[in-house]
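# Examining the three-dimensional arrangement
Chain by chain, the residues:
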Amino acid sequence: IDFAKEKGVTITHVFDTHLHADHISGGRVIAEKTKATYWLPPKDAEEVVFDYQPLEEGNDIIIGNIKIRIQPIYSPGHTIGSTSFIVDDQYLLSGDILFIDSIGRPDLAGMAGDWVGDLRKTLYSRYNALSKDLIVLPAHFMIIDELNDDGSVGKKLSTLFAENHGLNIVDEAEFRHLVTGNLPPQPNAYQEIRETNMGKINPDEEKQREMEIGPNRCAIR
Ligand SMILES: [Fe+2]
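Residues numbered from 1 in each chain as written. Predicted model: local features only at pLDDT ≥ 70, side-chain atom pairs only at ≥ 80, totals over all residues. Heavy atoms only, no water.

### Let's talk about the overall build of the protein
What the protein contains, in helices and strands, is seven helices and eleven strands. Since a compact globule built from 221 residues should have a radius of gyration of about 17 Å, the 17 Å found for the protein is in line with a globular shape. Taken along the three principal axes of its C-alpha coordinates, the protein extends 45 × 40 × 35 Å. Put simply, the protein has 221 residues, and 44% of those count as buried. Intrachain contacts of the protein at a sequence separation of at least 6 include 61% that bridge at least 24 residues. Approximately 11600 Å² of the protein is accessible, and the part contributed by carbon and sulfur atoms is 49%. Within the protein, one finds 22 positive and 35 negative side-chain charges whose respective centroids are separated by 2 Å. (Helix = DSSP H or I, 4+ residues; strand = E, 2+ residues; numbered from the N terminus. Rg over C-alpha atoms; globule rule 2.2 N^0.38 Å. Buried < 20%, exposed > 50% of the residue type's maximum accessible area, 1.4 Å probe, protein only. Contact = heavy atoms within 4.5 Å. Areas by Shrake-Rupley, 256 points an atom, 1.4 Å probe, with all protein chains shown as cover. Lys, Arg positive; Asp, Glu negative; His and termini not counted. Charge placed at Lys NZ, Arg CZ, Asp CG, Glu CD.)

### Observations regarding the pairing of strand β7 (residues 91-95)
As paired strands, strand β6 (residues 83-87) and β7 are joined by three bridges and run antiparallel to one another. Its bridge partner being in β7, Ile86 is matched across the sheet by Leu92. Linkage of β6 to β7, two consecutive antiparallel strands, is achieved through a turn of three residues, within which Asp88 is found at a positive phi near 50°. Sheet analysis places β7 next to strand β9 (residues 135-138), joined by four bridges and oriented parallel. (Pairing = 2+ DSSP bridges.)

### Some details on the pattern of salt bridges
Note that side chains of opposite charge can pair when their charged atoms are close. Applying the stated rule across the entire model yields eight salt bridges. Close ionic contact of Arg69 with Asp89 constitutes a salt bridge, the shortest N to O distance being 3.5 Å. Here Arg69 is found in strand β5 (residues 68-74), whereas its partner Asp89 is found in the loop between β6 and β7, with 20 residues between them in sequence. A salt bridge links Lys207 to Glu210; its shortest N-O distance comes to 3.9 Å. A residue pair is termed a helical-turn pair when its members lie 3 or 4 positions apart in one helix, as Lys207 and Glu210 do in helix α7 (residues 205-212) at three residues. Taking relative accessible area as the criterion, Lys207 reaches 31% and is therefore assigned partly exposed. (Salt bridge = Lys/Arg side-chain N within 4 Å of Asp/Glu carboxyl O.)

### Section: the side chain of Ser94
Along the chain, Ser94 turns up in strand β7. Setting aside anything within four residues of it in sequence, one finds Ser94 in contact with Ser84, Tyr127, Val136, Leu137 and Pro138.

### Let's talk about the layout of surface pockets
In this structure, the largest pocket occupies an estimated 850 Å³ of space. Residue lining of the largest pocket: 31 residues in total, with His13, Val14, Phe15, Phe85 and Leu93 positioned closest to the centre. For the lining of the largest pocket, the secondary-structure elements that each account for two or more residues are α1 (2-7), β1 (13-15), β5, β6, β7 and β9. In terms of residue class, the lining of the largest pocket is built from 17 nonpolar, twelve polar and two charged. (1 Å grid on protein atoms, 1.4 Å probe; cavity = no way out; pocket = protein on both sides within 12 Å on 5 of 7 lines; lining within 4 Å. Points joined across faces, edges and corners; volume = space filled by probe spheres on them. Nonpolar A, V, L, I, M, F, W, Y, C, P; charged D, E, K, R; others polar.)

### Re the coordination of the iron ion
Distances from the iron ion to its protein donors, His18 (NE2), His78 (NE2) and Asp96 (OD), fall within 2.1 to 2.3 Å. As a motif over one chain, the donors of the iron ion read H-x59-H-x17-D. Linking His18 in the loop between β1 and α2 (27-34) with Asp96 in the loop between β7 and β8 (103-104), this pair joins segments that are 78 residues apart in sequence. Asp96 shares its class with His18; the two are buried. (Donors = N, O, S within 2.8 Å, 3.2 Å for Na, K, Ca; no water.)

### Things to note about unusual backbone geometry
Backbone geometry places Lys35, a non-glycine residue, at a positive phi of 60°. Relative to the helices and strands, Lys35 is located in the loop between α2 and β2 (37-40). Assessed through its relative accessible area of 75%, Lys35 is described here as exposed. The backbone phi angle of Lys67 is positive, close to 60°, even though this residue is not glycine.

Now the structure itself:
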């Protein structure tokens, strides 16, 4: 909210690429405080108890007078609803599906076997068919090597297809093994975090901090 103020812009829409299991989304609070519209992929939002707009492929969103076009791309694999978006045909906000030097992993360990096929399809078919000139802006980085010299985190999709190991595993069984074989442990509080993000429970700030302790475990290399 402060950042928007600093830039002299008004927050009118807030998007989440998926329902998070590893951190508490600030999206809903920002939307409430600014009276913005909050967008969530409907397949991740079946249990949420607040109003949201369904973020769905095929329904592009046009924002503001200068017209920013948001094109949702259904890209399951991290969660069943994971949705990336292309902004103005230039940027691919990949959420937790694709990073610079790593790929996403199924967000719930118990679902890994079910979701690995979706992840493969998203990365190897869906993303592969997108314009390779798109600049991928992922939601996390895991290692310092993923940063550009200026500290930003983003690379052309063509570069990622050339250099990211996770996009270059020809053998499907090997891919399945990489994704499901070495899953990092689930964050302790993941179930509570999900319920908080669904609006089912409302822990105070201190409790929230405690729930979020621990590293980002979204990525695998
Ligand atoms: Fe995530």
